[in-house]
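Structure at a glance
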Amino acid sequence: MEPDGRVTVVTGGTRGVGAGIARAFLDAGGTVVVCARRPPATPVDGAVYLPLDLRDTDAVGEFFTGVVHRYGRLDCLVNNAGGTPYRPLADGGAARHARVLALNLTAPLTASIAAYEHLRAARGSVLMIGSVSGDRPSPGSAAYGAAKAGLASLARSMAVEWAPEVRVNTLVVGPVGTELAARHYGDEQGVAAVARTVPLGRLAEPSDVGDAAVFLASERAAYISGASLHVHGGGERPAFLAAATVNRTSGPERGEAG
């Protein structure tokens, strides 16, 4: 990427995947602003932290106006903030699930609309950080999966409405090895077991997601908009392949040519 002088905002960019994305844009030579409700325990070296509650529409608008006033432009918005606890649908009530939808779908919409005119002036781009949970059943995090599916659809519509001035794409991310991985996968054995389900044999690093984000924001991706780039190490091996018996024997009895 050739981002010298370009300004990127990464929501939720203080830890985990967001911090990895912020570092990748910094390594590429850009100016990076990260925002979250609370300051980071470990600051991302080189990034500017500004507090922001993405649920506050007025504050979001003021935030982007302030970024442009301070730096003169906005070239890329990375909608990374999100997440969910494990919660089956029948537990917790609809209001809690609705909060998951608000964080993972409504907040990126709010931020994107607030940033639109600034991105349009710079002919910039929006990146949605999606999830494989939006591509497949997501038991225990159904509202999150629904939000991420909606996010990819939203990005495709934005890409059409906002072309040609603003490009919009989605990174569809699989399991990532962050400081929060234990919350999702358990102890070291749990993390290792999840890694073995990935065809490439490991969890993604935050830098893997960051490198993909930098590419999609760059001029090398100038003709890519409305796309979903899967950063998932090959996805998940279909469960039926382990259950089927047809490939457990060899020879003519399974229909092979002699």
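Scroll up to find the structure.
Here we summarise the structure given alongside this text. (Residues numbered from 1 in each chain as written. Predicted model: local features only at pLDDT ≥ 70, side-chain atom pairs only at ≥ 80, totals over all residues. Heavy atoms only, no water.)

Let's shift gears to the sheet that holds strand β7 (residues 228–231). Sheets are built from strands paired through backbone hydrogen bonds, the pairs being either parallel or antiparallel. As summarised here, the arrangement of the 7 strands in space is β3-β2-β1-β4-β5-β6-β7, forming an open sheet in which the pairing is parallel. Looking at strand neighbours, the two that pair on one side only are β3 (48–51) and β7, the edges of this open sheet. Mean inter-strand twist for the sheet, computed between neighbouring axes without regard to direction, equals 20 degrees. (Pairing = 2+ DSSP bridges. Helix = DSSP H or I, 4+ residues; strand = E, 2+ residues; numbered from the N terminus. Axes fitted to C-alpha atoms, helices over the stretch in contact; angles between N-to-C directions.)

Moving on, we get to the nonpolar core. Counting 29 residues, the largest nonpolar core has Val-9, Phe-63, Phe-64, Leu-74 and Val-168 as the members making the most contacts within it. When residues of this core are traced back to their parent elements, those giving at least two are β1 (7–11), β2 (31–36), α2 (57–71), α3 (94–122), β5 (125–131) and α4 (142–161). Once residues lying within four places of it in the same chain are set aside, the contact partners of Phe-64 are Val-9, Leu-74, Leu-77, Ala-111, Ala-114, Ala-115 and His-118. Counting residues in hydrophobic clusters, the runner-up holds 28 residues, among them Ala-19, Ala-22, Val-44 and Val-176. (Core = buried A, V, L, I, M, F, W, Y, C linked by side-chain atoms within 4.5 Å. Buried < 20%, exposed > 50% of the residue type's maximum accessible area, 1.4 Å probe, protein only. Contact = heavy atoms within 4.5 Å.)

In this section: helix α6 (residues 188–196). Those residues of α6 lying buried are Gly-190, Val-194 and Ala-195. Viewed end-on, α6 has its buried residues packed into an arc of 140 degrees, placing them on one side of the element. In α6, the exposed residues that point more than 90 degrees away from the buried face are Glu-188, Gln-189 and Arg-196. (Arc of directions from axis to C-beta.)

Let us now look at the environment of Val-33. Tracing the backbone through its elements, the reader meets Val-33 in strand β2. Taking relative accessible area as the criterion, Val-33 reaches 0% and is therefore assigned buried. Taking the C-alpha atoms as reference points, Val-33 and Val-44, 11 residues apart in sequence, are found 10.0 Å from one another. With sequence-adjacent residues up to four places away left out, Val-33 is seen in contact with Thr-8, Val-9, Val-10, Val-48, Leu-50, Phe-63, Val-67 and Tyr-71.

With that settled, consider the packing of aromatic side chains. For the structure shown, the criterion picks out 2 aromatic pairs. Relative to Phe-64, the ring of Phe-63 lies with its centre 5.1 Å away and its plane at 85 degrees, an arrangement referred to as edge-to-face. Of the two residues, Phe-63 and Phe-64, neither departs from the other in class, the shared state being buried. Measuring from centroid to centroid gives 4.4 Å for Tyr-116 and Trp-162, while their planes differ by 35 degrees, and the two rings are tilted. Of this pair, Tyr-116 sits in helix α3 while Trp-162 sits in the loop between α4 and β6 (167–173), and the two are 46 residues apart along the sequence. (Phe/Tyr/Trp six-rings, centres within 6.5 Å; stacked < 30°, edge-to-face > 60°.)

Take unusual backbone geometry next. Here the residue pair Ala-163 and Pro-164 is connected by a cis peptide bond, since its omega of 0 degrees sits within 30 degrees of zero. Its location among the elements puts Pro-164 in the loop between α4 and β6. Of note in this structure, Arg-123 is not a glycine but carries a positive phi near 50 degrees. With respect to the element layout, Arg-123 can be found in the loop between α3 and β5. With a relative accessible area of 53%, Arg-123 lands in the exposed category.

Remember that the coordinates give geometry; whether it matters functionally is a separate question.
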